[in-house]
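A look at the structure
Single-letter residue listing:
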Amino acid sequence: MSTPDRYERQRKLPQIGDAGQHKLAEANVLIIGLGGLGSAAAMQLASSGIGHLVLNDFDIVETHNLPRQRIHRPATIGELKTESAKQTLNQLNPDCEIRLISHQLDEQELIEEIKKSEVVLDCTDNYESRFMINQHCHTLKTPVAYGAAIRLEGQTSFFLQQEDTPCYACLYNDSAQANEDCAGEGVLGSLPAIIGEMQALQTILYLTGNLHKDEHKLLLFDAIKLSWQEIRLQRNPACTVCGKS
Ligand SMILES: [Zn+2]
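In short, a report on the structure. (Residues numbered from 1 in each chain as written. Predicted model: local features only at pLDDT ≥ 70, side-chain atom pairs only at ≥ 80, totals over all residues. Heavy atoms only, no water.)

1. What about the coordination of the zinc ion?
At this site the zinc ion is bound by Cys 167 (SG), Cys 170 (SG), Cys 239 (SG) and Cys 242 (SG), with donor distances of 2.3 Å. Each of the four donor atoms around the zinc ion contributes to a set of angles spanning 90 to 125 degrees, which defines the coordination as tetrahedral. Between the donor residues of the zinc ion, the gaps in sequence give the motif C-x2-C-x68-C-x2-C. For Cys 242, a relative accessible area of 1% corresponds to the buried category. (Donors = N, O, S within 2.8 Å, 3.2 Å for Na, K, Ca; no water. Tetrahedral: all angles 85-135°; square planar, octahedral: opposite > 155°, others 65-115°. Buried < 20%, exposed > 50% of the residue type's maximum accessible area, 1.4 Å probe, protein only.)

Below, the structure is given as C-alpha coordinates:
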(Lines give C-alpha, C1' and ligand atoms only; values in the text may rest on other atoms or scores of the structure.)
Protein backbone atom coordinates (compact mmCIF):
# COMPACT_ATOMS: atom_id res chain seq x y z
CA MET A 1 0.00 0.00 0.00
CA SER A 2 1.50 3.36 -0.97
CA THR A 3 1.44 6.07 1.64
CA PRO A 4 -0.16 9.33 0.48
CA ASP A 5 2.10 12.34 -0.01
CA ARG A 6 0.16 14.20 2.65
CA TYR A 7 2.40 12.61 5.32
CA GLU A 8 5.70 13.15 3.52
CA ARG A 9 7.23 15.47 6.13
CA GLN A 10 6.20 13.21 8.97
CA ARG A 11 7.46 10.07 7.23
CA LYS A 12 10.84 11.75 6.72
CA LEU A 13 11.45 11.60 10.44
CA PRO A 14 13.46 8.50 11.32
CA GLN A 15 11.31 8.19 14.46
CA ILE A 16 8.16 7.84 12.32
CA GLY A 17 9.03 6.61 8.80
CA ASP A 18 6.71 4.49 6.69
CA ALA A 19 6.33 1.99 9.51
CA GLY A 20 5.21 4.62 12.01
CA GLN A 21 2.82 6.19 9.56
CA HIS A 22 1.35 2.76 8.88
CA LYS A 23 0.84 2.21 12.61
CA LEU A 24 -1.06 5.49 12.82
CA ALA A 25 -3.25 4.46 9.88
CA GLU A 26 -4.06 1.17 11.61
CA ALA A 27 -4.73 2.72 15.03
CA ASN A 28 -8.08 2.81 16.83
CA VAL A 29 -8.34 5.77 19.20
CA LEU A 30 -11.23 6.70 21.48
CA ILE A 31 -11.76 10.38 22.36
CA ILE A 32 -14.13 11.01 25.26
CA GLY A 33 -15.28 14.63 25.31
CA LEU A 34 -15.34 17.08 22.39
CA GLY A 35 -14.83 20.33 24.29
CA GLY A 36 -11.65 22.38 24.13
CA LEU A 37 -9.31 19.44 24.76
CA GLY A 38 -11.05 16.92 22.52
CA SER A 39 -11.55 19.40 19.68
CA ALA A 40 -7.84 20.12 19.38
CA ALA A 41 -6.80 16.50 19.90
CA ALA A 42 -9.28 15.14 17.35
CA MET A 43 -8.25 17.62 14.67
CA GLN A 44 -4.56 16.86 15.19
CA LEU A 45 -4.99 13.10 15.26
CA ALA A 46 -7.16 13.06 12.14
CA SER A 47 -4.77 15.41 10.33
CA SER A 48 -1.75 13.32 11.33
CA GLY A 49 -3.16 10.15 9.82
CA ILE A 50 -4.83 8.23 12.64
CA GLY A 51 -6.99 5.76 10.74
CA HIS A 52 -9.89 5.19 13.09
CA LEU A 53 -11.35 7.65 15.60
CA VAL A 54 -14.30 7.08 17.89
CA LEU A 55 -15.80 10.31 19.21
CA ASN A 56 -17.96 10.35 22.32
CA ASP A 57 -19.92 13.36 23.54
CA PHE A 58 -23.59 14.01 24.21
CA ASP A 59 -23.63 17.81 24.37
CA ILE A 60 -24.76 20.20 21.68
CA VAL A 61 -22.66 23.07 20.31
CA GLU A 62 -23.31 26.37 22.06
CA THR A 63 -22.11 29.88 21.21
CA HIS A 64 -19.83 30.10 24.25
CA ASN A 65 -17.99 26.96 23.12
CA LEU A 66 -16.60 28.60 19.99
CA PRO A 67 -13.55 30.50 21.37
CA ARG A 68 -11.83 27.29 22.47
CA GLN A 69 -13.55 24.49 20.55
CA ARG A 70 -12.40 25.19 17.03
CA ILE A 71 -13.74 21.95 15.63
CA HIS A 72 -17.21 23.51 15.91
CA ARG A 73 -18.50 26.41 13.80
CA PRO A 74 -21.17 29.07 14.15
CA ALA A 75 -23.12 27.12 11.52
CA THR A 76 -23.23 24.03 13.76
CA ILE A 77 -24.57 25.75 16.89
CA GLY A 78 -27.44 23.62 18.14
CA GLU A 79 -26.10 20.41 16.55
CA LEU A 80 -24.62 17.50 18.48
CA LYS A 81 -20.93 18.05 19.09
CA THR A 82 -20.19 14.63 17.61
CA GLU A 83 -21.95 15.50 14.34
CA SER A 84 -20.35 18.94 14.24
CA ALA A 85 -16.90 17.45 14.85
CA LYS A 86 -17.33 14.81 12.18
CA GLN A 87 -18.08 17.47 9.55
CA THR A 88 -14.82 19.27 10.32
CA LEU A 89 -12.74 16.09 10.51
CA ASN A 90 -14.12 14.82 7.20
CA GLN A 91 -12.95 18.06 5.61
CA LEU A 92 -9.54 17.89 7.30
CA ASN A 93 -8.88 14.29 6.29
CA PRO A 94 -11.46 12.17 4.43
CA ASP A 95 -9.27 9.09 4.95
CA CYS A 96 -9.90 9.11 8.72
CA GLU A 97 -12.72 6.71 9.57
CA ILE A 98 -14.94 8.21 12.25
CA ARG A 99 -17.55 6.54 14.43
CA LEU A 100 -19.80 8.63 16.68
CA ILE A 101 -21.27 7.84 20.08
CA SER A 102 -23.68 10.64 20.93
CA HIS A 103 -24.90 9.50 24.33
CA GLN A 104 -23.30 9.13 27.74
CA LEU A 105 -21.63 5.73 27.91
CA ASP A 106 -22.70 3.54 30.79
CA GLU A 107 -19.98 1.49 32.48
CA GLN A 108 -20.46 -1.63 30.37
CA GLU A 109 -20.49 0.36 27.13
CA LEU A 110 -17.35 2.19 28.25
CA ILE A 111 -15.61 -1.13 28.91
CA GLU A 112 -16.56 -2.43 25.47
CA GLU A 113 -15.30 0.73 23.76
CA ILE A 114 -12.01 0.67 25.69
CA LYS A 115 -11.49 -2.93 24.57
CA LYS A 116 -11.66 -1.77 20.94
CA SER A 117 -9.14 1.05 21.48
CA GLU A 118 -5.35 1.21 21.61
CA VAL A 119 -5.41 4.57 23.38
CA VAL A 120 -8.15 6.50 25.17
CA LEU A 121 -8.02 10.28 25.29
CA ASP A 122 -9.64 11.53 28.47
CA CYS A 123 -10.91 14.95 27.37
CA THR A 124 -13.69 15.10 29.96
CA ASP A 125 -14.25 17.95 32.37
CA ASN A 126 -15.19 16.22 35.61
CA TYR A 127 -13.61 13.95 38.21
CA GLU A 128 -16.31 11.30 38.11
CA SER A 129 -15.69 10.56 34.42
CA ARG A 130 -11.91 10.68 34.85
CA PHE A 131 -11.97 8.17 37.70
CA MET A 132 -14.26 5.82 35.77
CA ILE A 133 -12.12 5.99 32.62
CA ASN A 134 -8.95 5.44 34.68
CA GLN A 135 -10.45 2.50 36.57
CA HIS A 136 -11.49 0.58 33.47
CA CYS A 137 -8.42 1.49 31.41
CA HIS A 138 -6.25 0.24 34.28
CA THR A 139 -8.16 -3.05 34.43
CA LEU A 140 -7.90 -3.48 30.64
CA LYS A 141 -4.31 -2.14 30.52
CA THR A 142 -5.25 0.47 27.91
CA PRO A 143 -3.21 3.69 27.98
CA VAL A 144 -4.89 7.02 28.73
CA ALA A 145 -3.82 10.41 27.36
CA TYR A 146 -5.10 12.66 30.13
CA GLY A 147 -5.60 16.41 30.00
CA ALA A 148 -7.32 19.14 32.00
CA ALA A 149 -7.55 22.91 31.64
CA ILE A 150 -9.19 25.56 33.79
CA ARG A 151 -8.65 29.30 34.30
CA LEU A 152 -5.04 29.81 33.16
CA GLU A 153 -3.71 26.39 34.16
CA GLY A 154 -3.43 23.18 32.21
CA GLN A 155 -2.05 19.72 32.88
CA THR A 156 -1.45 16.55 30.95
CA SER A 157 0.05 13.10 31.37
CA PHE A 158 0.11 9.78 29.56
CA PHE A 159 -0.81 6.87 31.81
CA LEU A 160 0.48 3.64 30.29
CA GLN A 161 -1.56 1.50 32.68
CA GLN A 162 1.10 -1.19 32.77
CA GLU A 163 2.77 -3.06 35.62
CA ASP A 164 4.34 -0.60 38.07
CA THR A 165 3.30 2.53 36.16
CA PRO A 166 1.27 5.22 37.93
CA CYS A 167 -2.38 5.92 37.13
CA TYR A 168 -4.64 8.94 37.48
CA ALA A 169 -5.84 7.77 40.89
CA CYS A 170 -2.23 7.70 42.14
CA LEU A 171 -2.32 11.44 41.61
CA TYR A 172 -5.80 12.32 42.75
CA ASN A 173 -8.08 10.37 45.02
CA ASP A 174 -11.82 10.52 44.71
CA SER A 175 -12.25 12.11 48.12
CA ALA A 176 -10.40 15.15 46.75
CA GLN A 177 -13.10 15.93 44.23
CA ALA A 178 -13.72 19.59 43.71
CA ASN A 179 -16.66 21.18 42.00
CA GLU A 180 -14.59 23.62 40.00
CA ASP A 181 -15.39 23.82 36.30
CA CYS A 182 -14.77 26.19 33.43
CA ALA A 183 -18.36 27.41 33.57
CA GLY A 184 -17.80 28.69 37.10
CA GLU A 185 -14.10 29.51 37.00
CA GLY A 186 -13.55 30.59 33.39
CA VAL A 187 -10.83 29.46 30.98
CA LEU A 188 -8.62 31.22 28.47
CA GLY A 189 -9.66 30.35 24.92
CA SER A 190 -6.30 29.11 23.67
CA LEU A 191 -5.36 27.06 26.75
CA PRO A 192 -7.38 23.85 26.23
CA ALA A 193 -6.09 23.58 22.65
CA ILE A 194 -2.48 23.62 23.90
CA ILE A 195 -3.24 20.77 26.31
CA GLY A 196 -5.33 18.88 23.73
CA GLU A 197 -2.46 19.10 21.24
CA MET A 198 -0.16 17.64 23.91
CA GLN A 199 -2.58 14.74 24.39
CA ALA A 200 -2.50 14.14 20.64
CA LEU A 201 1.29 14.37 20.56
CA GLN A 202 1.72 11.86 23.38
CA THR A 203 -0.73 9.53 21.61
CA ILE A 204 1.26 9.71 18.38
CA LEU A 205 4.53 9.14 20.25
CA TYR A 206 3.05 6.11 21.98
CA LEU A 207 1.56 4.58 18.82
CA THR A 208 4.83 4.97 16.93
CA GLY A 209 6.95 3.56 19.76
CA ASN A 210 8.55 6.88 20.67
CA LEU A 211 7.13 7.50 24.13
CA HIS A 212 9.67 7.09 26.93
CA LYS A 213 8.22 4.18 28.83
CA ASP A 214 10.38 4.62 31.93
CA GLU A 215 9.59 8.30 32.49
CA HIS A 216 6.21 9.02 33.97
CA LYS A 217 5.48 12.66 34.40
CA LEU A 218 2.74 15.18 34.86
CA LEU A 219 3.24 18.32 32.80
CA LEU A 220 1.76 21.51 34.23
CA PHE A 221 1.33 24.58 32.03
CA ASP A 222 1.02 28.10 33.39
CA ALA A 223 -0.56 30.29 30.70
CA ILE A 224 0.47 33.53 32.43
CA LYS A 225 4.12 32.66 33.04
CA LEU A 226 4.22 30.75 29.74
CA SER A 227 6.08 27.96 31.53
CA TRP A 228 5.90 24.19 31.77
CA GLN A 229 6.61 22.40 35.03
CA GLU A 230 7.44 18.70 35.10
CA ILE A 231 6.51 16.49 38.04
CA ARG A 232 7.88 12.96 38.14
CA LEU A 233 5.16 10.44 38.92
CA GLN A 234 5.50 7.15 40.73
CA ARG A 235 2.93 4.52 41.50
CA ASN A 236 1.27 5.27 44.82
CA PRO A 237 1.26 2.07 46.93
CA ALA A 238 -1.93 3.32 48.59
CA CYS A 239 -3.69 3.98 45.27
CA THR A 240 -7.23 2.63 45.36
CA VAL A 241 -7.02 1.55 41.71
CA CYS A 242 -3.52 0.21 41.03
CA GLY A 243 -2.03 -0.03 44.53
CA LYS A 244 -3.33 -3.55 45.25
CA SER A 245 -2.00 -5.23 42.12
ZN1 LIG B 1 -2.85 4.27 40.71
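2. Details of the side chain of Arg 130
Note that Arg 130 resides in helix H6 (residues 127–140). Put simply, Arg 130 is tucked away with no salt bridge, and the nearest opposite charge, on Asp 122, sits 4.6 Å away. With near-sequence residues (within four places) excluded, Arg 130 lies in contact with Asp 122, Thr 124, Asp 125, Tyr 146, Gly 147, Ala 148 and Tyr 168. (Helix = DSSP H or I, 4+ residues; strand = E, 2+ residues; numbered from the N terminus. Lys, Arg positive; Asp, Glu negative; His and termini not counted. Salt bridge = Lys/Arg side-chain N within 4 Å of Asp/Glu carboxyl O. Contact = heavy atoms within 4.5 Å.)

3. Examining the nonpolar core
The biggest cluster of nonpolar side chains holds 34 residues, and the ones touching the most others in it are Val 29, Ile 31, Leu 45, Leu 53, Leu 55, Leu 89 and Leu 121. Of all the elements in the fold, those that place two or more residues in this core are strand S1 (28–32), helix H3 (36–48), strand S2 (52–56), helix H4 (81–92), strand S4 (119–122), strand S5 (144–150) and helix H9 (191–207). For this core, the element with the highest residue contribution is H3, accounting for six residues. Judged by nonpolar contacts, the second largest core, of 24 residues, contains Ile 114, Ile 133, Cys 167 and Cys 239. (Core = buried A, V, L, I, M, F, W, Y, C linked by side-chain atoms within 4.5 Å.)

4. Details of empty space enclosed by the protein
Applying the stated criterion across every chain yields a total of one cavity of 30 Å³ or more. Taken as a whole, the largest cavity holds about 30 Å³ of empty space. At the level of elements, H6 and S5 are the ones that each hand at least two residues to the lining of the largest cavity. Taken together, the residues that form the lining of the largest cavity break down as four nonpolar, one polar and two charged. (1 Å grid on protein atoms, 1.4 Å probe; cavity = no way out; pocket = protein on both sides within 12 Å on 5 of 7 lines; lining within 4 Å. Points joined across faces, edges and corners; volume = space filled by probe spheres on them. Nonpolar A, V, L, I, M, F, W, Y, C, P; charged D, E, K, R; others polar.)

5. Quick word on the environment of Val 54
Considering the arrangement of structural elements, one finds Val 54 in strand S2. Between the C-alpha atoms of Val 54 and Gly 147, which are 93 residues apart in sequence, the distance is 18 Å. Ignoring any residue separated from it by four or fewer positions in sequence, one finds Val 54 in contact with Val 29, Leu 30, Ile 31, Arg 99, Ile 101 and Glu 113.

6. Examining the pairing of strand S6 (residues 153–159)
Counted residue by residue, S6 has six buried out of seven residues, so it is predominantly covered. Here S5 runs beside S6; their pairing, made up of seven bridges, is antiparallel. The residue of S6 that forms the bridge with Tyr 146 is Ser 157. Between S5 and S6, which pair antiparallel one after the other, the connecting turn spans two residues, and Arg 151 there sits at a positive phi close to 50 degrees. In this sheet, strand S7 (residues 217–222) lies alongside S6 in antiparallel orientation, the contact comprising four bridges. (Pairing = 2+ DSSP bridges.)

7. Looking at a negative patch on the surface
A cluster of acidic residues, Asp 59, Glu 62, Asp 125 and Asp 181, forms a negative patch at the surface. As for its placement among the helices and strands, Asp 181 is situated in the loop between helix H7 (168–171) and helix H8 (182–185). (Patch = residues over 30% accessible without salt bridge, like charges linked within 9 Å, V, L, I, M, F, W, Y side chains within 5 Å. Areas by Shrake-Rupley, 256 points an atom, 1.4 Å probe, with all protein chains shown as cover. Charge placed at Lys NZ, Arg CZ, Asp CG, Glu CD.)

8. Concerning the pattern of salt bridges
This structure, assessed with the given rule, holds 11 salt bridges. Between Glu 153 and Arg 151 there is a salt bridge, with the nearest N and O atoms lying 3.3 Å from each other. When its relative accessible area of 40% is taken as the criterion, Glu 153 is described as partly exposed. Between Lys 217 and Glu 230 there is a salt bridge whose closest N-O contact spans 3.8 Å. Remark: Glu 230 occurs in strand S8 (residues 227–232) and Lys 217 occurs in strand S7; sequence separation between them is 13 residues. On the accessibility criterion, Lys 217 (26% relative accessible area) is partly exposed. Given the relative accessible area of 41%, Glu 230 is considered partly exposed. A cluster of three or more residues bridged by salt bridges with shared partners is formed by Glu 215, Lys 217, Glu 230 and Arg 232.

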